[in-house]
Structures are given as structure tokens and as C-alpha cells.
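Given next are the chains, with one letter for each unit.
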Amino acid sequence: MSRSAHPAGPRHADVLPDGHYSAPPADLNALDPKVWAQTVTRDADGVVTVGGIPVTRLAEEFGTPAYVLDEADFRARARAWRTAFGADADVFYAGKAFLSRAVVRWLEEEGLNVDVCSGGELTTALSAGMPAERIAFHGNNKSVDEITRAVEAGVGHIILDSFQEIVRVAHIAQGLGKRQKVLIRITVGVEAHTHEFIATAHEDQKFGIPLAGGQAAEAVRRALQLDGLELVGIHSHIGSQIFDMSGFEVAAHRVVGLLKDIRDEHGVELPEIDLGGGLGIAYTSDDDPREPHEIAKALTEIVTRECEAAKLRTPRISVEPGRAIVGPTALTLYEVGTVKPLDGLRTYVSVDGGMSDNIRTALYDAEYTVALVSRTSDAEPMLARVVGKHCESGDIVVRDAFLPSDLAPGDLIAVPATGAYCRSMASNYNHVLRPPVVTVQDGEARVIVRRETEEDLLRLDVG
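**Student:** I tried to follow the overall build of the protein chain on my own but got confused; where do I start?
**Tutor:** Along its length, the protein chain carries twelve helices and 21 strands. Taken over the C-alpha trace, the protein chain has a radius of gyration of 23 Å; the compact-globule value for 463 residues is 23 Å, and the two agree within 12%. Once the C-alpha set of the protein chain is aligned to its principal axes, its extents read approximately 70 × 50 × 45 Å. When contacts within the protein chain are restricted to residue pairs at least 6 apart in sequence, long-range pairs at least 24 apart make up 70% of them. On the protein chain, roughly 19,900 Å² of surface is accessible, and the fraction owed to carbon and sulfur atoms is 49%. In the protein chain, 46 side chains carry a positive charge and 68 a negative one; their mean positions are 5 Å apart.

In C-alpha cells form, the structure reads like this:
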């Protein structure tokens, strides 16, 4: 059931009709492995562990809220993508999902490249030792400074997003005595089956150059004429949190059609095609994401078939998973502060974080699951809404979930699948401090992004 937007933001309470939510699960203590990180389990005392460490110990040592990232799971997922596509394709981790220097080092060690979309992400990738030639630079409005830094560093690809940027990158590269490899991002008119705010291939949006009306073809003409550019391919991204491969099939057909037109007009067969990312993950047990080997097989077959039909050599394929790698590997650990039953409606469970550490529920109507993790319970299920501590009625972490009815202040609860777009979109709303990112592996834990302090806030406030 879709919810209509309210001009002042999410509606207070937003009471849902009976039957909107599913029946409570048979076992509130169960943890669906499809949703939780690979090493998550319960110990003999009923406490959830991740990376071999009880969450109670993590809370005591690092405080709450905290993002807890399973390093072994992250590395395994990165390897699965690298293996699935093989040596004849490139896998770029989409840094916007979550980027830190530790993550960049893991990616470099596992053989993945990284794409960035800001000067800050570029600096992070380079400072952690990612070779510049394995970096792709995205963005719909890259500044002159950002482009200059990217070209000077020798990034492998810059993805051109507008006619102005074609000229801008060419001018900067030529001034530096370089010839920059570029791809042109096009919009192919395919609207992925996803939320309106994260569908990116229909024409009425800010990304890319439309294929319709000949604009993409004109962009190619201009790029091929400029000495500072080496046009090596076409880029297409149709959306995010996608489970259905049919959108990629239509997109590939249209991209290959453009490649054929380029060959026929210019006598050039571009050697690369980037189909973007956006593959979905399981936020709840109802989600059914595809495995990397299934995605690789499907995309490779689609591109190969389309190129054979167009009598083109099959270009080198690139993909950009971000959420699909980091999303399932992390959970957010909270402490319950208040439990407020509303007779005939639901129980509001307030935690010590909220929309400042996970804006996705308020922004996208994103759905999550949640579990009591500091103990097990045999109490009856209660319909709950997990909310944060912010002065905002739309401060919702999990809109509708079932939790044990004996839930009490001081209990620890956790929301899985929060590795992507939670820390990277975190804020200081109400001057709340952003949580740390704690990685766990084989019984050891360490902080890779520390918790903010009030001194950090005041350091930026020059008075």
C-alpha cells in the first residue's frame, strides 16, 4: 500500500488500517539469515553475537547507538562479486553507500575498484591507497576543483553527465597536458520498479544525458572531437534496490543501439559499457534478492546477445554494486529508552538514535526489521513502531514491527541491513552525535569511524 506525501512531511502517527501489516512471526527470537549479516547468531544465553562478539559487550565497550559491521561478511560479498564477473569485467564498489579508509583497503585487497562522486570520496579513496586508475568519478555537477584533482591524480574514468561537463573536463585535461578517459552517462528512458526518489533512468531527473531526441548522440559527437578526452564507453544506471532484471534488459538494448549508431556514424566501436548498480538486498524476509553469480550471468548474456544482434564486438562490462556489498553486512545497535503503549494502535519504542543515524525510513518509506538482541523472550508479540529521540514526528526507524511485549528500557534492539546509506547519510540533527562504525571479525572489534563528540560539534562552530 503506498502512502501519499504530506506537504509538511510525514504525518503524525500515520495510523494504518487493520491488515496492512503482516501477522507476527512464529518465533520473535529467530534471525532470518537472509536479512542479518553472515556471522550473526544467538549464544547459549540468548544474546545475539556478531563476529563472535556478544552485542552486550559491544554496547558496553563502544556505547549505543553504533553501527556494527561484519568484516568477514563484507569481504565475502566483495569476493563473490569479483568472482562472478571474472577477469573480463570490472566491479566498481559504489562508495556513496558507505566509504571509509578501512573499507577502501578491503576493496583494494579483494580486487575491486571504487567509484566516487565527490572530492571528499576521492580524497578518502586515494588516502587509503586505492590506485587512481581503479577509481571512477561520478557526479552531475563536479566542480572545477574536483575535476582538476581527479585528472591530476590520474583517475581511470570520469563519467560525463552533461554537455557543459564534456567541455569542462576536456579543457582541464588539455590544460594539464593529459587525455582523460571518460564515459558518457545517458538516461535510457527505463524506470526501474523502485521508489520515485531513487529511480534514475527516466528522462525527468537530474542525471545523465537523454537518449531520446538525439541528445546522447550529440554528446558523443562532441566528446569525440575534443583532444583532452578519450571516450571509451557509455554508462547507464536505471535505479536502486532493484530485484527485476527486465529493466536492465531494456536498458542494455538501448545502450547497445547507441553503440551501433556510434559505429555506423563514426567508425568507432567503444570498448566499454557500464550498467551501473542498484541491485537490491533483503531488508525484510519478504525481499528476494539475486545472488552475484545470477546477476553476472544475466547481464553478460543480455549484453552479448544484444551485441551479436548489432554485429558489434562485446564491450568490457562494468557494474557498480554498493548497497549489495555493504548493506547486509551491518546492523545498528540501539538501547531502548521508553516504551509507550497506545491502546488499540501500537506501542512506540523509543531508542537512543533515530533519523540522524538512519534517514531512509523518513526519506524513502524504507522498510526494516528489528529484533530484541540482548536476551530472548517468550512474551506475546506486540505491534511496535521504533522511533528515535529527535524532535520530529517523522523520526521513525522501523515503521511497523513485532517485538516482545515485555520489552523494557535498557534492552538492546538491533536493526539489520543498515550498512548502506545510513552512516553515509547521517546528520547532526538536534546536534545529536553521529555513531561510530565498529568492525568485528573472529572475536575482535575495532573502531574504523569513531563516535563524534561535542568537541567535534563546537570545533566547527566558530562563534
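**Student:** Honestly, the sheet that holds strand S1 (residues 41–42) in this entry has me stumped. Any pointers?
**Tutor:** In a beta sheet, neighbouring strands pair by backbone hydrogen bonds and run either parallel or antiparallel. Reading across the sheet, the three strands line up as S1-S2-S3 and stay open at both edges, with antiparallel pairing between neighbours. Every other strand in the sheet has two partners, leaving S1 and strand S3 (53–54) as the edge strands with one partner each. In terms of strand pairing, strand S2 (residues 48–50) meets S3 through two bridges, oriented antiparallel. Pairing of threonine 49 across the sheet is with proline 54, part of S3.

**Student:** Is there a simple way to think about helix H3 (residues 101–110) in this case?
**Tutor:** In an α-helix, one turn spans 3.6 residues; hence positions three or four apart end up facing the same way. Within the span of H3, buried status applies to Ala102, Val103, Val104, Trp106, Leu107 and Glu110. Glycine 111 occupies a position one or two residues after H3 and carries a positive phi of about 85 degrees.

**Student:** Quick question: what am I supposed to make of the pairing of strand S15 (residues 346–351) here?
**Tutor:** Successive side chains on a regular strand alternate, one facing one side of the sheet and the next facing the other. The element S15 is extensively covered by neighbouring structure, given that six of its six residues are classed as buried. Here S15 shows two buried faces, one formed by Arg346, Tyr348 and Ser350 and the other by Thr347, Val349 and Val351. Across six bridges, the pairing between strand S14 (residues 330–342) and S15 is antiparallel. In the strand pairing of S15, lysine 340 is matched with tyrosine 348. In sequence, S14 turns back onto S15 through a hairpin of three residues, with glycine 344 there showing a positive phi of about 80 degrees.

**Student:** Help me understand the pairing of strand S17 (residues 381–387) in this model?
**Tutor:** Among the seven residues in S17, six count as buried, and that is most of the element. Relative to S17, S15 runs parallel, the two sharing four bridges. Residue tyrosine 348 lies in a different strand from S17, and its bridge partner there is arginine 385. In the sheet, S17 pairs with strand S18 (residues 396–404) via six bridges, with the strands oriented antiparallel. Across the sheet, residue alanine 384 finds its bridge partner in S18, namely alanine 401.

**Student:** What is the right way to read the environment of arginine 346 from this model?
**Tutor:** Inspection of the secondary structure assignment puts arginine 346 in strand S15. Along the backbone, arginine 346 and phenylalanine 248 are 98 residues apart, and their C-alpha atoms lie at a distance of 40 Å.

**Student:** How do you make sense of the packing of aromatic side chains when you look at a structure like this?
**Tutor:** Within a pair of aromatic rings, the relevant descriptors are the distance that separates the centres and the angle that separates the planes. Under the defined criterion, the tally for this structure stands at four aromatic pairs. Ring centres of tryptophan 81 and phenylalanine 85 lie 6.0 Å apart, and the angle between their planes is 5 degrees; this geometry places the pair in the stacked category. Of this pair, tryptophan 81 and phenylalanine 85 both sit in helix H2 (residues 71–85), four residues apart, which is roughly one turn of that helix. Relative to tyrosine 368, the ring of tyrosine 283 lies with its centre 5.2 Å away and its plane at 80 degrees, an arrangement referred to as edge-to-face. Residue tyrosine 283 is located in the loop between strand S12 (272–274) and helix H9 (292–310), and its partner tyrosine 368 is located in the loop between helix H11 (360–364) and strand S16 (371–372); the two are separated by 85 residues in the primary sequence. Side by side, tyrosine 283 and tyrosine 368 carry an identical accessibility label, which is buried. Members of the aromatic cluster, connected to one another through ring pairs, are Phe74, Tyr93 and Trp106.

**Student:** Would you mind going over the pattern of salt bridges with me for this structure?
**Tutor:** Oppositely charged side chains can form a pair if their charged atoms are brought close together. Taken as a whole and judged by the stated rule, the model has 25 salt bridges. As a salt-bridge pair, arginine 305 and glutamate 249 come within 2.6 Å of each other at their nearest N and O atoms. One end of the pair, arginine 305, is in helix H9; the other, glutamate 249, is in helix H8 (residues 246–266), and 56 residues separate them in sequence. Arginine 375 is paired through a salt bridge with aspartate 411; the nearest N and O atoms lie 3.0 Å apart. Residue arginine 375 is located in the loop between S16 and S17, and its partner aspartate 411 is located in the loop between S18 and strand S19 (412–416); the two are separated by 36 residues in the primary sequence. For aspartate 411, a relative accessible area of 8% gives the class buried. Among the charged side chains, a salt-bridge network with shared partners connects Glu71, Arg75, Arg79, Glu109 and Glu110.

Procedures and definitions
Residues numbered from 1 in each chain as written. Predicted model: local features only at pLDDT ≥ 70, side-chain atom pairs only at ≥ 80, totals over all residues. Heavy atoms only, no water. Helix = DSSP H or I, 4+ residues; strand = E, 2+ residues; numbered from the N terminus. Rg over C-alpha atoms; globule rule 2.2 N^0.38 Å. Contact = heavy atoms within 4.5 Å. Areas by Shrake-Rupley, 256 points an atom, 1.4 Å probe, with all protein chains shown as cover. Lys, Arg positive; Asp, Glu negative; His and termini not counted. Charge placed at Lys NZ, Arg CZ, Asp CG, Glu CD. Pairing = 2+ DSSP bridges. Buried < 20%, exposed > 50% of the residue type's maximum accessible area, 1.4 Å probe, protein only. Phe/Tyr/Trp six-rings, centres within 6.5 Å; stacked < 30°, edge-to-face > 60°. Salt bridge = Lys/Arg side-chain N within 4 Å of Asp/Glu carboxyl O.

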